[in-house]
Amino acid sequence: MKSLTPMFVTPLTRINSVAGLILLAVNVAALAAIHLFWPGVRFESGVLNYAVFIALHLSLPLLLVLLAFSTPNKNFRIAAFILASIAALPTGFLSFAAFGQLSAALRSEIDPSLQPVAELKHNNFTYRLYRTNHNPYKAHGLLLRKEQALTPGIKLVSDIKGFYGTKDGELQVLAAERAQVITKPFSPQFKVEVFEFAL
């Protein structure tokens, strides 16, 4: 006797289980890369960075729900729905926070969470000092980053050091392969920091 396909698996909700699992694996890998190796690869456009961030996070519970609808296996469906419910809260919260930054970036056409303060170029790299006062994911202050263009509009970035209690600073070249950051504290309770690094 043939098994009956659940009534809620309709032609409108069909999705290949193997393709769904592949999409889910890619989504999870991308989210892991964002949270474990962030910043990593980024767009020059703050709007695109936030849009991709939101899309990846919102798609996780949606993919789990679609995967649940794609199989007649009851236990698999229940597990997928439970995982989707668990994933919806943190991914929804992070997407909501990023949406505020996306809206601000759309209005100003720049990323308001990372405001350039100073920069210097060395070989194929650019060292930038950013003000992070409006970034919900980092402490208020300054952030020193090393950036390298991969293709037009896309760059590889890595955080070198963050500085708390300051909103301004300078980048100075000391020698051919050395440079330093000098911070300017916004309150007497914070001290001037001098950070030397290799180029």
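Everything quoted here is computed from the prediction, not taken from an experiment. (Residues numbered from 1 in each chain as written. Predicted model: local features only at pLDDT ≥ 70, side-chain atom pairs only at ≥ 80, totals over all residues. Heavy atoms only, no water.)

## Considering the overall build of the chain
Check the secondary structure of the chain and you find three helices and eight strands. Going residue by residue from the N terminus, the α and β elements of the chain occur as α-β-α-α-β-β-β-β-β-β-β. Counting across all 199 residues of the chain, residues that qualify as buried make up 35%. Here the analysis covers contacts within the chain between residues at least 6 apart in sequence; of these, 45% occur between residues at least 24 apart. (Helix = DSSP H or I, 4+ residues; strand = E, 2+ residues; numbered from the N terminus. Buried < 20%, exposed > 50% of the residue type's maximum accessible area, 1.4 Å probe, protein only. Contact = heavy atoms within 4.5 Å.)

## What to know about the packing of helix H1 (residues 17-37) against helix H2 (residues 46-69)
Remark: H1 packs on H2, axes separated minimally by 10 Å, with the N-to-C direction vectors making an angle of 150°. Relative to H2, the element H1 lies roughly antiparallel. The crossing of H1 and H2 is left-handed. Residues Ser17, Gly20, Leu21, Leu23, Leu24, Asn27, Val28, Ala30, Leu31, Ile34 and His35 of H1 form the contact with H2, whose participating residues are Phe53, Leu56, His57, Ser59, Leu60, Leu63, Leu64 and Leu67. Tallied by class, the residues present in the contact of H1 with H2 amount to 13 nonpolar, six polar and no charged. (Axes fitted to C-alpha atoms, helices over the stretch in contact; angles between N-to-C directions. Parallel < 35°, antiparallel > 145°, perpendicular 65-115°, else oblique. Left-handed = near helix turned anticlockwise from the far one by under 90°. Nonpolar A, V, L, I, M, F, W, Y, C, P; charged D, E, K, R; others polar.)

## Quick look at the pattern of salt bridges
Tallied over the entire structure, the rule returns eight salt bridges. Notably, a salt bridge pairs Lys121 with Glu119, separated by 3.7 Å at the nearest N-O pair. Since its relative accessible area comes to 58%, Lys121 is described here as exposed. Overall, Glu119 belongs to the partly exposed group, its relative accessible area being 41%. One salt bridge in this structure joins Arg178 and Glu196, with 3.1 Å as the shortest N-O distance. (Salt bridge = Lys/Arg side-chain N within 4 Å of Asp/Glu carboxyl O.)

## Things to note about the environment of Asn27
Structurally, the position occupied by Asn27 is in helix H1. With 30 residues separating them along the chain, Asn27 and His57 place their C-alpha atoms 8.4 Å apart. Setting aside its immediate chain neighbours within four residues, Asn27 contacts Leu56, Ser59, Leu60 and Leu63.

## Let's talk about the packing of H2 against helix H3 (residues 74-108)
Orientation of H2 relative to H3, taken along the N-to-C sense of each, is 165°, at an axis distance of 8 Å. With respect to their mutual orientation, H2 and H3 come out roughly antiparallel. Between H2 and H3 the crossing geometry is left-handed. A breakdown of the residues in the contact of H2 with H3 according to their chemical character gives 26 nonpolar, four polar and one charged.

## Things to note about the environment of Thr151
Among the structural elements, Thr151 can be located in strand S4 (residues 141-151). On the basis of relative accessibility, which here comes to 41%, the residue Thr151 falls in the partly exposed class. When the C-alpha atoms of Thr151 and Phe43 are compared, they prove to be 9.7 Å apart, with 108 residues separating the residues in sequence.

## Some details on the confidence of the model for the chain
Keep in mind that low pLDDT regions are not for reading the predicted coordinates in detail. Mean pLDDT over the chain stands at 83; residues scoring 70 or higher make up 87%. Of all secondary-structure elements in the chain, the lowest mean pLDDT belongs to H1, at 83, while strand S8 (residues 194-198) reaches the highest, 94. Confidence drops under pLDDT 50 across residues 1-13; counting only partners more than four residues distant or on other chains, this segment forms eight contacts. (pLDDT = per-residue confidence, 0-100.)

## Examining the sheet that holds strand S2 (residues 115-122)
The five strands lie next to each other as S1-S5-S4-S3-S2, forming an open sheet whose pairing is antiparallel. The open sheet has two free edges, formed respectively by strand S1 (40-43) and S2, since each of these has just one partner strand. Across the sheet, the mean angle separating the axes of adjacent strands is 35° when strand polarity is ignored. (Pairing = 2+ DSSP bridges.)

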